[in-house]
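Given next are the chains, with one letter for each unit.
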Amino acid sequence: MTQQAKIVIRKLNFYYQKRLVIREFNLEIPANEILAVFGPANSGTTTLLRTLNRLCDLIPGAHLEGEILLDGENIYAPDVSVTELRRRVGMVFDVPTPLPMSIFDNIAYGPRLGSMKTKASVAEVVERALRMAVLWDEVKDRLHTPATRLSGGQQQRLCIARVLALEPEVILLDRPCSGLDPVSTAKIEESLRQLKEHFTIIIAPHNVQQAGRVADRVAFMLMGSMVEHGLTAEVFANPKDKRTSDYITGRFG
Amino acid sequence: MKSLKEKISESVFLLIALSALSALALITVFIFIEGVPIIAKVGVVNFVFGMKWAPSQGAFGIFPMIIGSVSVTLGAAVLGVPVALCCSIFLAEFAPATLSNLVRPAIQLLAGIPSVVYGFWGLVFIVPAIRNYLGGPGLSILAGSVILAIMILPTVISISEVSLLALPRLYKEGAFALGATHWQTIRSVLMPAAKSGIVAAIILGIGRAIGETMAVIMVLGNAVALPQSILDPARTLTTNIGIEMGYASGEHQEALFATGIVLLIIIMILNAIAQYAARRR
Amino acid sequence: MRVSARSTQMIAKIVIWSAALLVIVLLLAIMIYILLKGVPTLNWQFLSEIPRDMGRSGGILSTVVGTLLVTAVAIVVATPLGVGTAFYLTEYTREGRVTRIIRFSAESLAGIPSIVYGLFGFIFFVIYLKLGWSILSGGLTLAVMILPTIIRTSEEAIRTVPSLYREVSFSLGGTKWQTITRAVIPSALPGIAIGIILGIGRCVAETAAVILTAGSALRMPISLFSPARTMAVHFYILAREGISMERAYGTAAILIILILLVNVVANMLVNRFVARGR
């Protein structure tokens, strides 16, 4: 890497109680790119994502060894503010989870947690986030209706907008399109391509094809370990590891 | 890692959460402090098994009241539990949704009626009926049992129903697949499976019956002598306190608190049994 | 002679349906009787006048006020304690010794007879804390009485809030306190409200504990330290002493109507809660 990578994962070992879930993981993630971390079920992709915004802290008995550097600083250092971190590294979950409030209040939730109080600035932030998530035109006339009335695809874009409202630096997406129809999926994938200009995006796709469509780089995980990683085109065309090619071609899943 | 504000709010919540424990402790401590001296003075055996309750003469035997409480409660259980169980089976197994949506709120309503209203209604209807058809003054253990049976219905019904509904569908389907009728399934498979919950429900109902005061005061007749039959008037541990607390003082008052101690102990034992039964799923 | 399974089933069905019918009939018998006899007495005068001549004439205003104030004190005290306990049990701890002790305390409190609460309230609030027979003594005693109900319903309400809501709030940088107040409480509110409404119902209906702590003075209470008579106590005294059957029925009718209201509101909330929880 000629420039400093956005995120550096160094010798990461992650445990749930005594069970080792991620082994000796090393990866450098450049800024303003889309990285897809994929693998069969229970490979640890979700866990890996959650180590990046320390959401794994919520699980009792979870602990890790190694370092994860964001802009060169270890996010697991003892004096790190976790709430600050989570505003810099946002997450979209696999199930669209609108909070039981209006569309506007959903997007405004994050900014309001901080000290953003003035109505004008909040409204501005909400509009900007919705535009970036390509949802503004569809909802601008009903911002104060319950978010639960949106379709699945719209709800997921709402979740993306909710994260964008915090102006993060990194966006984590854990199987964001699972359960969505192809049209919604395409819309979301398109918005990701536009978003990478301003953000670093790490996605755990729900199938390999999505990784191929959307990602600049990929990393293949198997049972908690990194198998191989690199530019998407290279890994898919010339996988260095037999397991990678087997998985990509569908010999196992 | 946790900010100071977080730590403070967590400690505040912990203090609040201990309020239930503190209340329980306070209640136990204060009741015991007031009541233990007189028990010590009179002697536990004399207090609990003494036949004579005449505070003005210094006689503090609560056995007639214990008999009163036990018989009234037993009667309530005998009358009320079968009806309650049938009703819970009705709600869990037989009632169509529209009907159960009517019956369930009705039962909740039954639970909310003030006990004084129950007592009064019993005074107006049940007591004369007993007096006219069965003899005696009407104000009797039987009257108390009838009223208490009605009052414990909601408790027993709701908990039993929950236990029945919580059973896995497979139990019922398995029995049907073997050719059992609906009733056979209920009797031989579902009820035994829900036994622990049903037992807990019954015990809680009994606990409620033992603890009831106002309704019982109005229909029991409140004679201090040992009752000889269910048509006799009687006093229970609770009505004894309820009637005399208004004018008791000194040792008399302490003796009422001592009665409260006995009640507390009975309830604690019942609760423990109920929780044990419920946990044995 | 063996009875066939078919006929046993038929008999069982008849018995069971009859039991359900019996329960309904009993409920209607009690309610209709009281309402029939009591509603004719109800008019604005009855509610707005204070009792005169030990309750033989006049209205029941002071008892209405007494009931309202005692209930208000109980709710104001029990709600934060109960909801706070529920939050502690669900959000701050895992199942363990501490939670088991707290739950055991709450369940034990629930089983204590109301007359024993009366004894406790008398010796602790009236005598020991020197509050005397007062609305405060009565309200605080009732607060302890309804605490278990509020804890139980609040805990259930909080548990049904999807854990994803909490995860989302945390992932957006929320602290635990913010997550509880902004993501969990709004969702759990209807369920918590149910507990409060049921608590109100219990306070209104309670007699034994109140008579020993708030007293039975008929004068209009002027402060929280004044003694007061609630409607339930008033009904008891009127009926037992035979002072005025007419007014007794009227008071009972109001009590029944209040209980009806409480139940209706609680049921509405339950339906809304279930519908939203989806």
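None of these values were measured; they are calculated from a predicted model.

## A short note on the overall build of chain A
Point 1. Within chain A one finds 10 helices and 10 strands.
Point 2. Its C-alpha atoms give chain A a radius of gyration of 18 Å, within 12% of the compact-globule value 18 Å for 253 residues.
Point 3. The C-alpha extent of chain A, read off along each of the three principal axes, is 55 × 45 × 35 Å.

## Quick notes on the overall build of chain C
Point 1. Along the backbone of chain C there are 11 helices and 2 strands.
Point 2. For chain C, the α and β elements follow one another from N to C terminus as α-α-β-β-α-α-α-α-α-α-α-α-α.
Point 3. For chain C, the spread of C-alpha atoms along the three principal axes comes to 70 × 65 × 35 Å.
Point 4. Buried positions account for 56% of the 278 residues belonging to chain C.
Point 5. Taking the intrachain contacts of chain C between residues at least 6 apart in sequence as the baseline, contacts between residues at least 24 apart amount to 75%.

## Section: the confidence of the model for chain C
All names here are of chain C.
Point 1. Per-residue confidence for chain C gives a mean pLDDT of 88, with 97% of residues at or over 70.
Point 2. The weakest mean pLDDT in chain C belongs to strand β2 (residues 57-58) at 78; the strongest belongs to helix α9 (residues 208-211) at 94.
Point 3. Prediction confidence for the complex, expressed as pTM and ipTM, is 0.84 and 0.90 respectively.

## Points about the interface of chain C and chain B
Point 1. The interface of chain C with chain B comprises 65 residues on the first partner and 62 residues on the second.
Point 2. Mapped onto the side of chain C that touches chain B, the elements with two or more residues apiece are α1 (5-38), α3 (61-92), α4 (97-111), α5 (114-128), α6 (135-159), α8 (176-205), α10 (231-241) and α11 (245-277) of chain C.
Point 3. Ranked by the residues each element gives to the side of chain C that touches chain B, the list is headed by α1(C), at 17 residues.
Point 4. Looking at the side of chain C that touches chain B residue by residue, the class counts come to 49 nonpolar, 13 polar and 3 charged.

## Quick notes on the pairing of strand β1 (residues 7-16) of chain A
Point 1. Two strands pair when backbone bridges link them, and β1(A) and strand β4 (residues 62-70) of chain A are joined in this way by 8 bridges, in the antiparallel orientation. Residue pairing in the sheet places Val8(A) in a bridge with Leu69(A) of β4(A).

## Focus: the nonpolar core
Generally speaking, soluble globular proteins have nonpolar side chains that are buried together.
Point 1. Within the largest apolar cluster, 261 residues are counted, with the highest numbers of intra-cluster contacts made by Ala161(A), Val117(B), Leu147(C) and Leu255(C).
Point 2. Looking at which element gives the most residues to this core, the answer is helix α6 (residues 141-165) of chain B, with 15 residues.
Point 3. When residues are assigned to domains, this core turns out to be shared by domain 1 (5-41) and domain 2 (44-277) of chain C, each giving three or more.
Point 4. Those residues in contact with Leu255(C) that lie beyond four places of it in its chain are Pro114(B), Val117(B), Val204(C), Ala205(C), Met231(C), Ala232(C) and Phe235(C).

## Some details on the domain arrangement of chain C
Residue and element names in this part refer to chain C.
Point 1. Domain assignment breaks chain C into domain 1 (5-41) and domain 2 (44-277).
Point 2. Listed as interface residues are 7 residues of domain 1 and, on the opposing side, 8 residues of domain 2.
Point 3. Grouping the amino acids of the side of domain 1 that touches domain 2 by side-chain chemistry returns 4 nonpolar, 2 polar and 1 charged.

## Section: the interface of chain A and chain C
Point 1. Taken together, the 19 residues of chain A in the interface contact 15 residues of chain C.
Point 2. Residue assignment for the side of chain A that touches chain C shows that the elements contributing at least two residues are α2 (82-88), β6 (89-92) and α3 (103-113) of chain A.
Point 3. Looking at the side of chain A that touches chain C residue by residue, the class counts come to 11 nonpolar, 5 polar and 3 charged.

## Remarks on the pairing of strand β10 (residues 225-231) of chain A
Residue and element names in this part refer to chain A.
Point 1. Note that strand β9 (residues 217-222) and β10 share 6 bridges and pair antiparallel. Along β10, the bridge assignment pairs Phe220 with Glu228.
Point 2. Here β9 folds back onto β10 in antiparallel fashion, the turn holding 2 residues, of which Met223 has a positive phi close to 50°.

## A look at the environment of Thr141(C)
Residue and element names in this part refer to chain C.
Point 1. Here Thr141 shows up in helix α6.
Point 2. Overall, Thr141 belongs to the buried group, with 28 C-beta atoms counted inside 10 Å.
Point 3. A sequence separation of 81 residues divides Thr141 from Ile222, and the C-alpha atoms of the two residues are 20 Å apart.
Point 4. Apart from the residues lying within four places of it in its own chain, the contact partners of Thr141 are Tyr117, Phe120, Gly121, Phe125, Ala209 and Thr213.

## Some words on helix α8 (residues 182-193) of chain B
Point 1. Considered for burial, the residues of α8(B) that qualify are Trp183(B), Thr185(B), Ile186(B) and Leu190(B). Taken around the axis of α8(B), the buried residues stretch over an arc of 135°, which confines them to a single face. Projecting away from the buried face of α8(B) at angles above 90 degrees are the exposed residues Ser188(B) and Pro192(B).
Point 2. Summarising the contacts, the buried residues of α8(B) are in contact with α3 (63-94), α6 and α7 (169-177) of chain B together with α1 of chain C.

## Observations regarding the packing of α3(B) against α6(B)
Residues and elements named next belong to chain B.
Point 1. One way to put it is that α3 packs onto α6 with a least axis distance of 6 Å and a crossing angle of 40°. Classified by the angle their axes make, α3 and α6 are oblique. The handedness of the crossing between α3 and α6 comes out as right-handed.
Point 2. Of the residues that constitute the contact of α3 with α6, the class distribution is 22 nonpolar, 9 polar and 1 charged.

## Focus: the environment of Pro146(A)
Point 1. Tracing the backbone shows Pro146(A) in the loop between α5 (136-139) and α6 (152-164).
Point 2. A sequence separation of 40 residues divides Pro146(A) from Asn106(A), and the C-alpha atoms of the two residues are 9.1 Å apart.

## Describing the environment of Arg19(A)
Point 1. Mapped onto the secondary structure, Arg19(A) falls in strand β2 (residues 19-29).
Point 2. Residues Arg19(A) and Glu138(A), 119 residues apart in the sequence, show an inter-C-alpha distance of 45 Å.

## Here's the deal with unusual backbone geometry
Residue and element names in this part refer to chain A.
Point 1. With a phi angle near 40°, Glu24 is a residue other than glycine that sits in the positive phi range.
Point 2. For Glu24, the position within the fold is in strand β2.
Point 3. If you check the backbone angles, Val134 has positive phi at about 55° while not being a glycine.
Point 4. Positionally, Val134 belongs in the loop between α4 (119-132) and α5.
Point 5. Taking the C-beta count within 10 Å as the criterion, Val134 has 17 such neighbours and is therefore assigned partly exposed.

Rules and cut-offs
- Residues numbered from 1 in each chain as written.
- Chains lettered and ligands numbered in written order.
- Predicted model: local features only at pLDDT ≥ 70, side-chain atom pairs only at ≥ 80, totals over all residues.
- Helix = DSSP H or I, 4+ residues; strand = E, 2+ residues; numbered from the N terminus.
- Rg over C-alpha atoms; globule rule 2.2 N^0.38 Å.
- Buried ≥ 20, exposed ≤ 12 C-beta atoms within 10 Å, placed from the backbone.
- Contact = placed C-beta atoms within 7 Å.
- pLDDT = per-residue confidence, 0-100.
- Nonpolar A, V, L, I, M, F, W, Y, C, P; charged D, E, K, R; others polar.
- Pairing = 2+ DSSP bridges.
- Core = buried A, V, L, I, M, F, W, Y, C linked by C-beta atoms within 7 Å.
- Domains from an automatic or database assignment.
- Arc of directions from axis to C-beta.
- Axes fitted to C-alpha atoms, helices over the stretch in contact; angles between N-to-C directions.
- Parallel < 35°, antiparallel > 145°, perpendicular 65-115°, else oblique.
- Left-handed = near helix turned anticlockwise from the far one by under 90°.

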